[in-house]
Amino acid sequence: MSMYNVFDIAGSGMAAQQVRLNTTASNMANANSVSSSLGETYRARHPVFATALEEALNGEDAGTAKVQVVGIVESDAPLNVEYAPHHPMADDKGYIYKPNVNIMEEMADMISASRSYEANVQVADAAKQMVSRTLLLGQR
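Cut-off values and rules
Residues numbered from 1 in each chain as written. Predicted model: local features only at pLDDT ≥ 70, side-chain atom pairs only at ≥ 80, totals over all residues. Heavy atoms only, no water. Helix = DSSP H or I, 4+ residues; strand = E, 2+ residues; numbered from the N terminus. Rg over C-alpha atoms; globule rule 2.2 N^0.38 Å. Contact = heavy atoms within 4.5 Å. Areas by Shrake-Rupley, 256 points an atom, 1.4 Å probe, with all protein chains shown as cover. Lys, Arg positive; Asp, Glu negative; His and termini not counted. Charge placed at Lys NZ, Arg CZ, Asp CG, Glu CD. Axes fitted to C-alpha atoms, helices over the stretch in contact; angles between N-to-C directions. Parallel < 35°, antiparallel > 145°, perpendicular 65-115°, else oblique. Left-handed = near helix turned anticlockwise from the far one by under 90°. Nonpolar A, V, L, I, M, F, W, Y, C, P; charged D, E, K, R; others polar.

A.B. asks: Give me the lowdown on the overall build of the chain, citing residues and values where you can.
C.D. replies: Across its full length, the chain holds three helices and four strands. Computed over its C-alpha atoms, the radius of gyration of the chain comes to 22 Å, more than 25% above the 14 Å expected for a compact globule of 140 residues. Principal-axis analysis of the C-alpha atoms gives the chain an extent of 80 × 30 × 15 Å. In the chain, the proportion of contacts linking residues at least 24 apart, taken out of those at least 6 apart, comes to 65%. Counting only carbon and sulfur atoms, one obtains 54% of the accessible surface of the chain, whose full area is about 9,200 Å². Taken together, the 10 basic and 16 acidic charged side chains of the chain have centroids lying 9 Å from each other.

Printed below as a string of structure tokens:
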């Protein structure tokens, strides 16, 4: 495994965590939105990650398994339905619909994504220091 593959792997991890942070931010921004129908109501979104391990194992180097964002899925948790007949967004039966976003779960996910991003930054930094020290060996 080339030392430079570490940068590719750590970079893919940082990119994946950035997607995770963006979807968490979107969920939190829409947590208090209201709509007048089930179809228009915002649903929590979550990224799906996978490793490119099979591709790496088919090649000659098994140590290059990067993280890939396979897609972003909507939560299938039930929406919050509230009876509020005087609300301007209420449907003809007097109900409003709120997203299925759980702020506590989103905060925990945000902290986890942030720490994972930081860990990938530390891996890239350690690899950079190792490459730099290796180059200095030739000067002595």
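A.B. asks: Kindly report on the packing of helix 1 (residues 5–29) against helix 3 (residues 103–137), identifying the contributing residues and their values.
C.D. replies: Remark: helix 1 packs on helix 3, axes separated minimally by 9 Å, with the N-to-C direction vectors making an angle of 160°. Classified by the angle between their axes, helix 1 and helix 3 sit roughly antiparallel to one another. Both helix 1 and helix 3 take part in a crossing whose hand is left-handed. Classifying every residue of the contact of helix 1 with helix 3 by side-chain character gives 16 nonpolar, eight polar and four charged.

Interpretation note: all reported values are geometric properties and have no functional meaning in isolation.
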